[in-house]
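# Coordinates in review
So you can see what is in the structure, the chains are spelled out below.
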Amino acid sequence: MRHDPMLAILTDLMRRVDGLAGQRGHFSVARLQDEVDQIRHIARAFGLDAVEGLAATLGSATSLHGLGPVVLSYLDLMRDAIAEDMPVVDIVPIIPPTIATVTALRA
């Protein structure tokens, strides 16, 4: 299986967004702004315009209004934007079919 560097970047961004969402307000405005700025920087470096735009807007919103419910809304939007750029993977079963399943499928 080939290593996809873009998938690693998208996974890292998703981990960062999920980490912020998981803290549910248990961080300072300064820390949130720093984390969001890092997300924005990574998104810009790899041409993820939607993620970059949302991170920039969230950074501006927290500068003006501090922490609040708007943060989780923007994190949800960023999660959706990251997920759109992730490749679709076919799910391959790892458990081989049983003889009964194969017999039933042939019938």
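Higher on the page you've got the structure.
Below: a short report on this structure. (Residues numbered from 1 in each chain as written. Predicted model: local features only at pLDDT ≥ 70, side-chain atom pairs only at ≥ 80, totals over all residues. Heavy atoms only, no water.)

## Things to note about the packing of helix α1 (residues 5–23) against helix α2 (residues 29–45)
- The contact between α1 and α2 brings their axes to 11 Å, and the two run at 165°. As summarised for this structure, α1 and α2 are arranged roughly antiparallel, according to the angle between their axes. The crossing of α1 and α2 is left-handed. For the pair α1 and α2, contact is made by Ile9, Asp12, Leu13, Arg16, Val17, Leu20 and Gln23 and by Arg31, Leu32, Glu35, Val36, Gln38, Ile39 and Ile42, respectively.
- Each residue belonging to the contact of α1 with α2 can be placed in one class, and the counts come to eight nonpolar, two polar and four charged. (Axes fitted to C-alpha atoms, helices over the stretch in contact; angles between N-to-C directions. Helix = DSSP H or I, 4+ residues; strand = E, 2+ residues; numbered from the N terminus. Parallel < 35°, antiparallel > 145°, perpendicular 65-115°, else oblique. Left-handed = near helix turned anticlockwise from the far one by under 90°. Contact = heavy atoms within 4.5 Å. Nonpolar A, V, L, I, M, F, W, Y, C, P; charged D, E, K, R; others polar.)

## Considerations on the pattern of salt bridges
- Taken as a whole and assessed by the stated rule, the structure comprises six salt bridges.
- Asp18 is paired through a salt bridge with Arg79; the nearest N and O atoms lie 2.6 Å apart. Of the two residues, Asp18 sits in helix α1 while Arg79 sits in helix α4 (residues 69–85), which places them 61 residues apart along the sequence.
- Across the salt bridge formed by Arg44 and Glu52, the nearest N and O atoms sit 2.8 Å from each other.
- Judged by relative accessible area, which is 53%, Arg44 ranks as exposed.
- When salt bridges with common partners are traced through the structure, they connect Asp12, Arg15 and Arg16 into a single cluster. (Salt bridge = Lys/Arg side-chain N within 4 Å of Asp/Glu carboxyl O. Buried < 20%, exposed > 50% of the residue type's maximum accessible area, 1.4 Å probe, protein only.)

## With respect to α1
- With 19 residues, α1 extends 27 Å between its outermost C-alpha atoms, agreeing within 8% with the 27 Å of an ideal straight helix rising 1.5 Å per residue.
- Those residues of α1 that sit buried are Ile9, Leu10, Leu13, Met14, Arg16, Val17, Leu20 and Ala21. An end-on view of α1 places all buried positions within 155° of arc, on one side of the element. Counted as exposed and oriented over 90 degrees from the buried face of α1: Pro5, Arg15 and Gly22.
- Against the buried residues of α1 lie α2 and α4. (Expected span 1.5 Å × (residues − 1). Arc of directions from axis to C-beta.)

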